[in-house]
Amino acid sequence: METVVKAEDLVKHYGAGGNITKAVDHVNLEIKRGKFTAIMGRSGSGKSTLLHLLGGLDRPGSGKVYIEGQDISKFNSNELAKFRREKIGFIFQDYNLVPSLTVWENIILPLGLSNIVTDVNKITNLLDKTGLSDKKDAMPDTLSGGQKQRCAIARALATEPAIILADEPTGNLDSQTEAGIMGLLKQSVEEYNQTLVMITHDEGIAHMADIIYFIEDGKVVDKE
Amino acid sequence: MNMLRLLARQNMKYYKKRNILIGIAVFLTSFLVFAILSVGVVFQHEQYAAINAYNPSWHGKYTGITEDMAAKIASNDNVGMWGIYKDIAFTEISKRKKVVYSYADGNALDMMRISLDKGRMPESGNEIALDPGAAERLGKTVEVGGRITLPYQVYRNGKKDYIQEGEFIVTGLLKAVDSDIKEYYQAVVSKELLEKEVPPEQVFYQFLFRIPEDKIPSTDVARDIIENMAKEYGIHEDSVKVNSYNLAANYADPDMYMIIFVIICIVILAGSITIYSIYYIGTIERIKEYGRLKAAGMTAKELKKIVLWEGTGIVKKAAPAGIVAGIIIEVAGIIILHSITGDWLKETREYISYSSLIISHIGIMALAYVITYITMYISIRKPVRLVGKITEMEAISCHSATNNRINNKKKKSVNKVNISHLVKNNLASNKKRSIATILAMSATGILVMVMSTVISCTDSRLEADDMCHGHYMLRQRVEFNNEEHKEREWQNVVSKNPFTKDFLKKIKELGGVEDVQCFDSIYTEIKELYSGKYEIMGVPEENKSFIIDNIIEGSVSYEELESGDKLVVDSRAAKWWFGGLKPGDKITYTTEIDGKVIEKQAEIAATGDFPIIFPGFYTASKSFKDISSGNLCSVLSIWGEEEYNKELADKLFAIEEEDPLLMLSTWQEQYEIAESNTLSFTVFLSIFLGILGLICVMNMVNTMISSVQRRKREIGMMQAVGMTDRQLFKMLQTEGGFYIFGTLFITIAGGGLMSYPVYRLAKEYGILGVHKYQFPFGAVFVISCILVVLEVILVAVMSHSVKKEAIIDRIRFNG
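Since the structure is predicted, the reported quantities are computational estimates derived from the model, not experimental observations.

### Description of the overall build of chain A
A count of helical and extended segments in chain A gives seven helices and ten strands. The long-range fraction of contacts in chain A, counting pairs at least 24 apart against all pairs at least 6 apart in sequence, stands at 70%. Counting every atom, chain A has about 8800 Å² of accessible surface; 44% of that belongs to carbon and sulfur.

Encoded structure:
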C-alpha cells in the first residue's frame, strides 16, 4: 500500500543549554494512504508536536517529512501554505474556527484562500452531513462544542484533502458527542478515501484505528 | 495590605509586558499634553515678552484730538495712564528714510517705548533728543549738550512746508534703532517748538491710553471699552486704533483658550483610544481569570476596583515620567533655540516673567497629570464595565471567551471568503474602534491641515507678490502738498512722465528682462470717503486678466470697465481703508489734470484680490481717455528671466538713482523680509504640527499592532488552513490601507472645508499677510507620505513579527 506520509529521523527540541526538551526525538514512521492512524501517548510525550511537524505547521530541527513523496521540509512558507490547503485538512481540539466568520464562511475559508469558486451544493451536502444545516449563518461563538468541532471537520473536508490530521478532536466533548464526531470522521475518510492521522488519549477511539503509534519522551516506542 | 490592592499590585507585576505597553501610551499622552501646553506657554511668553520689549504699550489710540478733548477723555474711568504726541516735522534723508520730529509728553514717550540712552528729554525751546543714527545719516556729529543744525519740513496748513533750518540744543540721545528695521529715525522736540511751528488751530494730537488693569478681564472687553469710549466722545471709527498685540500679550484671549482646549481634546481622544484598545484587549484576554476570581467569591464591584487600581497604578508611574521627559525636552529645546537665535532674545528675556512662567509650568504639570488620569479613566470605563459583567461560568468555559463578546449574532454568509472579505469582516467586527481610530487620526489630520493652511497662505512668495508686482517694480514718486517738492505733485509728474516709450524700450533691452507691464493711474478725491487722495489704477487691455481673474465677488467684463462708470475694488483695501465698499455701491470721484477738474460717478462692480501695494481701485486704462490724453503710466512691473538677477537689479537701481521721481522695489527684497517675518511663526507651527503628527502616528501604530496582536491566534488559524505569507501581507496591507485612506479622505474633506473659513478669518485680521487662499497641498502630501510610509513599515514589521513565531505557537496563543 502507498505511503502517503513519511517521517525520517525527525527531531524537534525546545529550549537551550541544559534545559532542552526533546519533544520529537529521531522519529521514523510511515503512514499508508486511506488508513486511519492513531498516535497515542501521555501528556507531554510529544505527540502533538509530531502531528504539527507532519502537517507542516512547525519546522523540524532536523529530519525530513515526505507527503506524497514530496519533502515538505524544503518548502518555503508560501509553498508550505499552498501545499497545506491542497493536501492537508486540520482538526484541532480547540476547533480553531475564525470567530468573525460564520459557520459557512469558516468552511469555505480554505477554498477562498485558494481562489476556488465555492461549489454551493457540495458545501451544503457537507453541512447536511455534519448536521449544521440550520447553523449555516451562525457565528462560531454561538455553537456548542460538538457543533464547533463538526464545523471544523467540515472545513477540513471542504477541499477534499488527501490527509486529515486531527489533534484530539474529541478531547473537549462528552462521550455521546464524541461518538457522533468519530462516526462522521470515519465515514468521511472512507467516502473520500482519505488518510486520517489522529492524536488521542482515548483507547476506545484508538482501537477504531488501523494502526496505532505509541509515543513516549518524543520517541516512537511501539506500533500496533 | 488590603487583598484587593495586593491582587492589583501582583497583576501589574504579572502582566508586565502589557502594562509596559499601556505605560508607554500613558507616558506619551502625559508627555504630549505637557509638551503642547508648555510649548504653547513658553512660545507665548517669549512672543509676548518680545511684544512688551519692542511694541508700544498703549491699549488704545485716538487721532485728531485737541488738548481739551484729551483732558476730557482722560477723566474717563476707563482711562488709566494716558499721554499725547504729535509729529511736527520731518527731514528727508533719502527716498526711503527720514527723521521724524515729534512732541510727546512723558507718558506718551513711555507708551511708545521711546527712551533715552544718554541725557534728558527736551523741555523747552529748541531742545532736541534724537537717535544718533539720524545725525550720522545726515552727516552731523552729535553729543549731549552740543548744538546741531538740521533742515526740516514742518507739517503745517495741511501741507509739508518748505524746508527750513533750525539750530537745536541736543539734550539727549535716544536708544538707537536698527535703521534696517525702521523706515524713520525718531527725534523728540519740546512743546514750545510745536507751539512755535504749528498754528494752535492746527494742533491735533494722538491720544494714547491704557485701560486700568482691573478693568480688563479679557482682550475682547478691552476692545469694546476702546471702541465704546470713541463713540461716547464722537470720535470717528477711522480715528480709533486698538493695540491688539499688546492686549493679546498681556490679557486673557478667549480664542487662544478655545484653540488650546480643542488641541487638548484631540490629545485626550487619541490617548484614550490608544490606552482603551490595549486595555480592552488585555481585559478580554483575561476574562477566564476574572471569572475564576468571581467563582472564588469576589464581587463584581471588587473586580472593577482591581481593574481601576491597575489602571491608576500605571498612571501614577508613567504620567510623572512623561511630564519629566516633557520638561527635559522643553529645556533642551529652549537652550537650542536660544543658542540659534543669538542676541535678539536677550532684550526680550528681560520682559519674560520667570515667576509666572514657573507658576504656569506647575499648573501645566498638574493639568497634564489630571488630563492623563482622565484619559486613563475614560479608556478603562468600558473594560471595567465588561469585567463587572463577567460570570463565574466564564472561568470554566473554554478559552474562546476571548471573543465571545464580540460576535454572537447571526449574519448573512457569503460564498466567497477571499482576502478582501476577511478584511471587511475584521473591520466590521470592530466597527466602533475602527471608526473611532479613523476619526481620532482625522481630527489630528484636519488640525494639521487647518494650521498648514495658515502657513501656506503666509507663503513668503505670496507676501512678496503682495508687496511687489513683478520681479522689479518701478513707481513714480507721487506726493501731494509738499511745498518743497512740487515736482512730486501728480499733475507735474504726469506732465513730464518718465515712463515714455523710449524708457520702456530701454528697460526691455536691459539684459535679463523678459517682460515689462505698464499700469496707468489717476489720483482722485472721493466724496464718499475720508478726505485725501485715492489712486485709481488703469489696467491696459493686454493685462486685463490681472483684473478679471482676481475678482472674487460681483462680476464685470473688461469691456464694461472701459466705459469708465464701473470700478473694481480690492477686498482688503475696501474693508480696511474704504469704509467697507462693496459691489453695488456708488462713488463720485474728482480728479484735476491738465488744468481742468473732472468729476465722475462710478459703481463698484466687483471686489477682488490684488497686491496690497497697489492702490485698491481698478479699471480699464481706456476709461481714462476722456480724463487725459497724456501718458498716465505710473507703475512698471518688470519680469526678469529669473526671479533675481543682481546685475539687472544694479542697473535698475542706477536708473532709479538718476531720477528722484522714481522708486524701485524688488521682489527678492520683499521676499527676504517676508521670510524673516514668517520664520518664527512657521518654526513654531511646525513644532506644534510635529507633536500632533506624533499623536496621529502613535494612534495608528497602536491600532495596527493591537489589531494583529489581538488576532494572532486567528491569523494562525487562517495560516494553518492555507493562508500564504503573501495573502497575510495583503490582508494587513489592505486593513492598513483602510485606515490610511479613511483618514486621508476625512482629513482632506474636513480639512479642505475647514481650512477656507480659517483662511478667511486670517485674511480678515491680516495675519502675517495672508492674502491668497492656497489649499495646503504640501500638508496633504506630507500627511499622505507619512501615513503611507508608516503603513508600509508597520505592515512589513507586523507581518515579520507574525511570521517569526511558528503557526502552531500562535494557534496555542492564549494571551
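### Notes on the pairing of strand 20 (residues 662-666) of chain B
Where a strand is regular, its side chains alternate between the two sheet faces. All names here are of chain B. Of all five residues in strand 20, four are buried; the element is thus mostly enclosed. Pairing analysis gives five bridges linking strand 11 (residues 472-476) to strand 20, with the strands arranged antiparallel. Among the inter-strand pairings, Met-473 is bridged to a residue of strand 20, identified as Ser-665.

### Focus on the confidence of the model for chain B
Residue and element names in this part refer to chain B. Across chain B, pLDDT averages 83, with 89% of residues at or above 70. The secondary-structure element of chain B with the lowest mean pLDDT is helix 14 (residues 393-396), recorded at 59, while strand 9 (residues 205-209) shows the highest, at 95. Across residues 398-406, confidence stays below pLDDT 50; counting only partners more than four residues off in sequence or on other chains, it has 20 contacts. Interface predicted TM-score (ipTM) for the complex: 0.84; the corresponding pTM is 0.61.

### Considering the state of the cysteines
Covalently bonding the sulfur atom of one cysteine to the sulfur atom of another cysteine gives a disulfide. Residues and elements named next belong to chain B. Inspection of the entire model under this criterion finds one disulfide over all chains. Each disulfide pairs two cysteine sulfurs, and for Cys-518 the partner residue is Cys-633, the sulfurs being separated by 2.1 Å. Residue Cys-518 is found in strand 12 (residues 513-526), and its partner Cys-633 is found in strand 19 (residues 633-640); the two are separated by 115 residues along the sequence.

### A look at the environment of A:Leu165
Residues and elements named next belong to chain A. Its location among the elements puts Leu-165 in strand 7 (residues 163-167). For Leu-165, a relative accessible area of 2% gives the class buried. C-alpha separation for the pair Leu-165 and Leu-54, spaced 111 residues apart in sequence, amounts to 8.5 Å.

### Examining the sheet that holds strand 10 (residues 219-223) of chain A
Residues and elements named next belong to chain A. The sheet built from six strands is open, its strands ordered 6-7-8-3-9-10 with mixed pairing. Edge positions in the sheet fall to strand 6 (88-92) and strand 10, since each of these pairs with one other strand and no more. Each adjacent strand pair in this sheet contributes to an overall mean axis angle of 20°, direction not counted. Examined bridge by bridge, strand 3 (residues 36-41) and strand 8 (residues 195-200) share five bridges and lie parallel to one another. Its bridge partner lying in strand 8, Ala-38 is registered against Met-198. Docked against the sheet, helix 2 (residues 77-87) engages strand 6 and strand 7, running at close to 80° with respect to strand 6.

### A word on the pattern of salt bridges
Scanning the entire structure with this criterion turns up 35 salt bridges over all chains. Salt-bridge contacts for A:Lys6 lead to A:Glu8; the nearest nitrogen and oxygen are separated by 3.4 Å. When its relative accessible area of 28% is taken as the criterion, A:Lys6 is described as partly exposed. The exposure class of A:Glu8 is partly exposed, given its relative accessible area of 31%. Across the pair B:Arg156 and B:Asp161 runs a salt bridge, and its minimum N-O distance is 2.7 Å. For the pair B:Arg156 and B:Asp161, one class covers both residues: buried. One connected set of salt bridges, linked through shared partners, spans B:Glu92, B:Lys160, B:Arg477, B:Glu479 and B:Arg488.

### Digging into the packing of helix 15 (residues 419-429) of chain B against helix 26 (residues 725-764) of chain B
Residues and elements named next belong to chain B. One can describe the packing of helix 15 onto helix 26 by two numbers: an axis separation of 9 Å at closest approach and a directional angle of 45°. With respect to helix 26, the element helix 15 is oriented oblique. As helix 15 runs across helix 26, the sense of the crossing is right-handed. Facing Ile-419, Leu-422, Val-423, Asn-426 and Leu-427 of helix 15, the residues of helix 26 in contact are Gln-727, Lys-730, Met-731, Thr-734, Glu-735, Phe-738 and Tyr-739. Among the residues making up the contact of helix 15 with helix 26, the classes are represented as seven nonpolar, three polar and two charged.

### Things to note about unusual backbone geometry
All names here are of chain A. Although it is not a glycine, Asp-9 sits at a positive phi angle of roughly 50°. Note that Asp-9 resides in strand 1 (residues 3-14). Given a relative accessible area of 36%, Asp-9 falls into the partly exposed group. The phi dihedral of Glu-160 is positive, around 50°, even though this residue is not glycine. Assignment of secondary structure puts Glu-160 in the loop between helix 5 (145-158) and strand 7.

### Description of the sheet that holds strand 2 (residues 21-32) of chain A
Hydrogen bonds between backbone groups are what pair the strands of a sheet, and the pairing can be parallel or antiparallel. Residue and element names in this part refer to chain A. With respect to topology, four strands assemble into an open sheet ordered 2-1-4-5, the strand pairing being antiparallel. Looking at strand neighbours, the two that pair on one side only are strand 2 and strand 5 (70-71), the edges of this open sheet. Of the pairings in the sheet, the one linking strand 1 to strand 2 comprises eight bridges and is antiparallel in character. Of the residues in strand 2, the one forming a bridge with His-13 is Lys-22.

### Digging into helix 3 (residues 67-74) of chain B
Residues and elements named next belong to chain B. If you check which residues of helix 3 are buried, you get Ala-70, Ile-73 and Ala-74. Buried residues of helix 3, viewed axially, fall in a sector of 100°; they line one side. Helix 3 presents Asp-68 and Lys-72 as exposed residues on the side facing more than 90 degrees away from its buried surface. Here the buried face of helix 3 lies against strand 1 (60-65), strand 2 (82-92), strand 9 and helix 7 (219-232).

### Quick notes on helix 1 (residues 3-14) of chain B
Along an α-helix, residues three or four apart share an orientation, since each turn contains 3.6 residues. Residue and element names in this part refer to chain B. For helix 1, spanning twelve residues, the distance from its first C-alpha to its last is 16 Å, which sits close to the expected 16 Å at 1.5 Å a residue. Looking at helix 1, one finds that the buried residues are Leu-4, Ala-8, Asn-11 and Met-12. Buried positions in helix 1, seen along its axis, are confined to an arc of 100° and lie on one side of it. Of the exposed residues in helix 1, the ones pointing more than 90 degrees away from its buried face are Met-3, Lys-13 and Tyr-14.

### Quick look at the nonpolar core
Taken as a class, soluble globular proteins show a tendency for nonpolar side chains to be buried jointly. Ranked by size, the top nonpolar core spans 80 residues in total, and within it A:Ile107, A:Leu109, B:Leu422 and B:Met731 carry the most contacts. If you tally residues by element for this core, the top one is helix 27 (residues 777-804) of chain B, at eight residues. Setting aside residues no more than four positions away along its own chain, A:Leu109 makes contact with A:Val98, A:Leu101, B:Val417, B:Leu422, B:Met718 and B:Val721.

### Digging into the side chain of B:His469
Residues and elements named next belong to chain B. The topology assignment puts His-469 in the loop between helix 17 (460-467) and strand 11. Judged by relative accessible area, which is 11%, His-469 ranks as buried. Within the local environment of His-469, its side chain forms a polar contact with the side chain of Ser-637, the two groups lying 2.8 Å apart. For His-469, the contacting residues outside a window of four places in its chain are Gln-517, Phe-519, Phe-546, Pro-611, Phe-614, Ser-637 and Trp-639.

### Remarks on the packing of helix 4 (residues 120-129) of chain A against helix 5 of chain A
Geometrically, a packed helix pair is captured by the angle between its two axes and the distance between the axes. Residue and element names in this part refer to chain A. For the pair helix 4 and helix 5, the least separation of the axes is 10 Å and the interaxial angle reads 145°. In this structure, helix 4 crosses over helix 5, and the sense of that crossing is right-handed. Taking contact as the criterion, the partners of Lys-122, Ile-123 and Leu-126 in helix 4 are, on helix 5, Ala-154, Leu-157 and Ala-158. Considering only residue class, the contact of helix 4 with helix 5 consists of five nonpolar, no polar and one charged.

Cut-offs used in this document
- Residues numbered from 1 in each chain as written.
- Chains lettered and ligands numbered in written order.
- Predicted model: local features only at pLDDT ≥ 70, side-chain atom pairs only at ≥ 80, totals over all residues.
- Heavy atoms only, no water.
- Helix = DSSP H or I, 4+ residues; strand = E, 2+ residues; numbered from the N terminus.
- Contact = heavy atoms within 4.5 Å.
- Areas by Shrake-Rupley, 256 points an atom, 1.4 Å probe, with all protein chains shown as cover.
- Buried < 20%, exposed > 50% of the residue type's maximum accessible area, 1.4 Å probe, protein only.
- Pairing = 2+ DSSP bridges.
- pLDDT = per-residue confidence, 0-100.
- Disulfide = S-S within 2.5 Å.
- Axes fitted to C-alpha atoms, helices over the stretch in contact; angles between N-to-C directions.
- Salt bridge = Lys/Arg side-chain N within 4 Å of Asp/Glu carboxyl O.
- Parallel < 35°, antiparallel > 145°, perpendicular 65-115°, else oblique.
- Left-handed = near helix turned anticlockwise from the far one by under 90°.
- Nonpolar A, V, L, I, M, F, W, Y, C, P; charged D, E, K, R; others polar.
- Arc of directions from axis to C-beta.
- Expected span 1.5 Å × (residues − 1).
- Core = buried A, V, L, I, M, F, W, Y, C linked by side-chain atoms within 4.5 Å.
- Polar contact = N/O pair within 3.5 Å; in protein donor to acceptor, adjacent residues only side chain to side chain.

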